[in-house]
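Listed here are the chains, written in short residue letters.
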Amino acid sequence: MNEDIRIHSWPCSYYLDTSKQWVSGRLSLTPVAIKFTADKTGELLVNFHLSSISEIKKESSNLIFSSLTILEKNTKHWFSSLQPNRNVVFNILEHFWREQLLSSQGAGAEAGAALQATKGKELTGLLTGSQKRLEDTAKVLHYQGEQFDNIMRGLNKIEGDMDVADRLLTELESPSWWPFSSKLWKAPLETKPKETAAVSDSKNQEGIIIRIPVIITHRTDSNVKPGKLTLFASGLEISDCNSQVIHRFESKDVDDIRVHTPYEISVRQRFIGKPDTSYRLLSAKMPEAIPILEMQFSKKIQFLEDALGFVGARKSPQVDLGTTIWQAATGLLGGVVQPSSPVGGREGMDDDQVQLQKQEKISQEEAKELKQILKKLKGLALETEAELERQDEALDSITTSVDRATLSIDKQNRRIKKLT
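Residues numbered from 1 in each chain as written. Predicted model: local features only at pLDDT ≥ 70, side-chain atom pairs only at ≥ 80, totals over all residues. Heavy atoms only, no water.

One finds L27, L29, I34 and L93 to be the most contacted residues of the largest nonpolar core, which totals 29 residues. Secondary structure elements with two or more residues in this core: β1 (8–16), β2 (21–29), β3 (33–38), β4 (44–49), β5 (53–59), β6 (67–72) and α1 (86–109). With seven residues, α1 is the largest single contributor of residues to this core. Residue assignment places this core across two domains, with domain 1 (8–103) and domain 2 (208–308) each supplying three or more. The residues contacting L29, other than those within four sequence positions of it, are I5, R6, I7, H8, W10, I34, L50, I92, L93 and F96. Among the nonpolar cores identified, the runner-up in size contains 27 residues, and V140, F249, V267 and F303 belong to it. (Core = buried A, V, L, I, M, F, W, Y, C linked by side-chain atoms within 4.5 Å. Buried < 20%, exposed > 50% of the residue type's maximum accessible area, 1.4 Å probe, protein only. Helix = DSSP H or I, 4+ residues; strand = E, 2+ residues; numbered from the N terminus. Domains from an automatic or database assignment. Contact = heavy atoms within 4.5 Å.)

Okay, structure coming up:
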């Protein structure tokens, strides 16, 4: 991800301590830094990393009210005249700052291990990420399969109703003197068991694919508030910090999703005769959710100009991701089982070269872990492929049933016209 991408910028004033005056300009936020550029000179007056921030506060002075202060190391930066308002800027800056702190703490906890990281560890992380994405895909496909099953049950019920209607029409078409006509009325109808309400429970039982913290803007409101975005196989849910649901979009309710930047999206449901339901969501974790949204809403998602670079950067190295993973894993595992260089080949090497060669290999425990992950990946891939084939067959059956029901309805309409 490009660390120089601009997530947001706001017109404001910055107190320049050297000249003891306020300077007009723009406060900008990137994934890892905060910057302030003066309007008149174009000079970059502020540029520091989010991880160096100690505190972000709403403050006021005797002269300037409604100010925002950022304590960076031992320097306090003052910003005022923030547009659209101070609360919006504060919520967004605090969100990205806290997420940066959380990621920095996680990175710091693993700093010692990272120094000794081997190719095996890197590959394990890569395969684990691939496994997570494949599991998410399997969840979505499983839900789609349930939907197809529900459609098939509905079509079977329609076919049963068509059979009943056909028998009734046959009775009406029979002459009054036909001695067996009454039997058609009295014959017990083939009753099919009523559909159970198992489908309604699937919503409560479905698993969460991903949940991320977000900054929520409703329609064109200037106020924003922190909350959460939860992605399910059946749709998405927006809730506040107290986990109270603000709005839930079923997959069929979503009309379009726009990706403004790798960190900001908008979700909209259109209505006729009343305002659309639209939410704008900003999050430091949004790059993790966008691939899932793209998979679920492939025909409804739109990447705007500022997000096109993100799509290219994300897709280009993954064109041959599967082949790369398998080739890398095979090569590294082969290097453990059948080392390419004999022990005697290390003669004449200094200690640094020997250590480097050791780091290029993977240990037996890493090899065992990689084999287990690869085995799971293979199983998931086979299950996904089988589910896709099953859904293809279900689609063919649905198409055939719909065509048969359409012909039956047309035929019965003609018979009804003759009777009337």
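What follows continues from the structure just given.
Turning next to the sheet that holds strand β8 (residues 208–218). Here eight strands make up an open sheet; going across it, the order is β11-β10-β9-β8-β14-β13-β12-β15 and the pairing mixed. Two strands bound the open sheet, and with one partner strand each, they are β11 (245–250) and β15 (301–303). Here the strands of the sheet are splayed against their neighbours by 30 degrees on average, with no regard to which way each runs. Sheet analysis places strand β13 (residues 264–269) next to strand β14 (residues 277–282), joined by six bridges and oriented antiparallel. Along β14, the bridge assignment pairs V267 with Y279. Packed on one face of the sheet, helix α6 (residues 286–296) meets β8, β9 (225–232), β10 (235–240), β12 (256–261), β13, β14 and β15 and runs near 105 degrees to β8. (Pairing = 2+ DSSP bridges. Axes fitted to C-alpha atoms, helices over the stretch in contact; angles between N-to-C directions.)

A word on the sheet that holds β5. If you walk across this open sheet you meet the seven strands as β4-β3-β2-β1-β7-β6-β5, and the pairing is antiparallel. Here the strands that pair on one side only, and so sit at the sheet edges, are β4 and β5. Strand-to-strand twist of the sheet, defined as the mean angle between neighbouring strand axes without regard to direction, takes the value 30 degrees. As paired strands, β5 and β6 are joined by six bridges and run antiparallel to one another. Note on β6: the bridge partner recorded for I56 is I70.

Looking now at the pairing of β2. For β1 and β2, the ladder comprises nine bridges, and the chain directions are antiparallel. Directly across from Y15, in β2, lies its bridge partner W22. Between β1 and β2, which pair antiparallel one after the other, the connecting turn spans four residues, and K20 there sits at a positive phi close to 55 degrees. Summarising the sheet, β2 and β3 pair through five bridges and their orientation is antiparallel. The partner of S28 across the bridge, within β3, is K35. The hairpin formed by β2 and β3 contains three residues between the paired strands.

Okay, the pairing of β11 next. For a regular strand, the rule is simple: side chains alternate between the two faces of the sheet. With five bridges connecting them, β10 and β11 associate as antiparallel partners. The residue of β11 that forms the bridge with G235 is E250. Joining the antiparallel neighbours β10 and β11 is a turn of four residues, in which S243 adopts a positive phi near 65 degrees.

This brings us to the packing of aromatic side chains. What the rule picks out here adds up to six aromatic pairs. Every member of this aromatic cluster is reached through a ring pair, and the members are Y14, F36 and F79. Just above the ring of F271 sits the side chain of K274; from NZ or CZ to the centre is 4.4 Å. (Phe/Tyr/Trp six-rings, centres within 6.5 Å; stacked < 30°, edge-to-face > 60°. Lys NZ or Arg CZ within 6 Å of the ring centre and 35° of its normal.)

Across the eleven residues that make up α6, a large majority, eight, are buried. Three or more residues of α6 are buried, namely M286, P287, A289, I290, I292, L293, E294 and Q296.

This part is about the pattern of salt bridges. What the rule picks out here adds up to ten salt bridges. The closest approach of N and O atoms between E237 and R248, which form a salt bridge, is 3.5 Å. Of this pair, E237 sits in strand β10 while R248 sits in strand β11, and the two are eleven residues apart along the sequence. Assessed through its relative accessible area of 14%, E237 is described here as buried. Judged by relative accessible area, R248 falls into the partly exposed class, the value being 21%. E264 is the salt-bridge partner of R280, the closest N and O atoms lying 2.7 Å from each other. (Salt bridge = Lys/Arg side-chain N within 4 Å of Asp/Glu carboxyl O.)

On average, residues of the protein carry a pLDDT of 74, and 68% of them reach 70 or more. The secondary-structure element of the protein with the lowest mean pLDDT is helix α5 (residues 198–205), recorded at 44, while β3 shows the highest, at 94. Confidence drops under pLDDT 50 across residues 316–326; counting only partners more than four residues distant or on other chains, this segment forms six contacts. Every residue in residues 352–360 scores below 50 in pLDDT, and together they form eleven contacts with partners more than four places removed in sequence or on other chains. (pLDDT = per-residue confidence, 0-100.)

A few words on the environment of I208. Along the chain, I208 falls in strand β8. The sequence separation of I208 and S234 amounts to 26 residues, and the corresponding C-alpha distance is 9.9 Å. In this structure, I208 is in contact with K139, T230, L231 and F232, ignoring residues within four places of it in sequence.

The topology assignment puts T277 in strand β14. Judged by its relative accessible area of 13%, T277 is buried. Apart from residues lying up to four places away in sequence, T277 is in contact with H247, F249, V267, R268, Q269 and F271.

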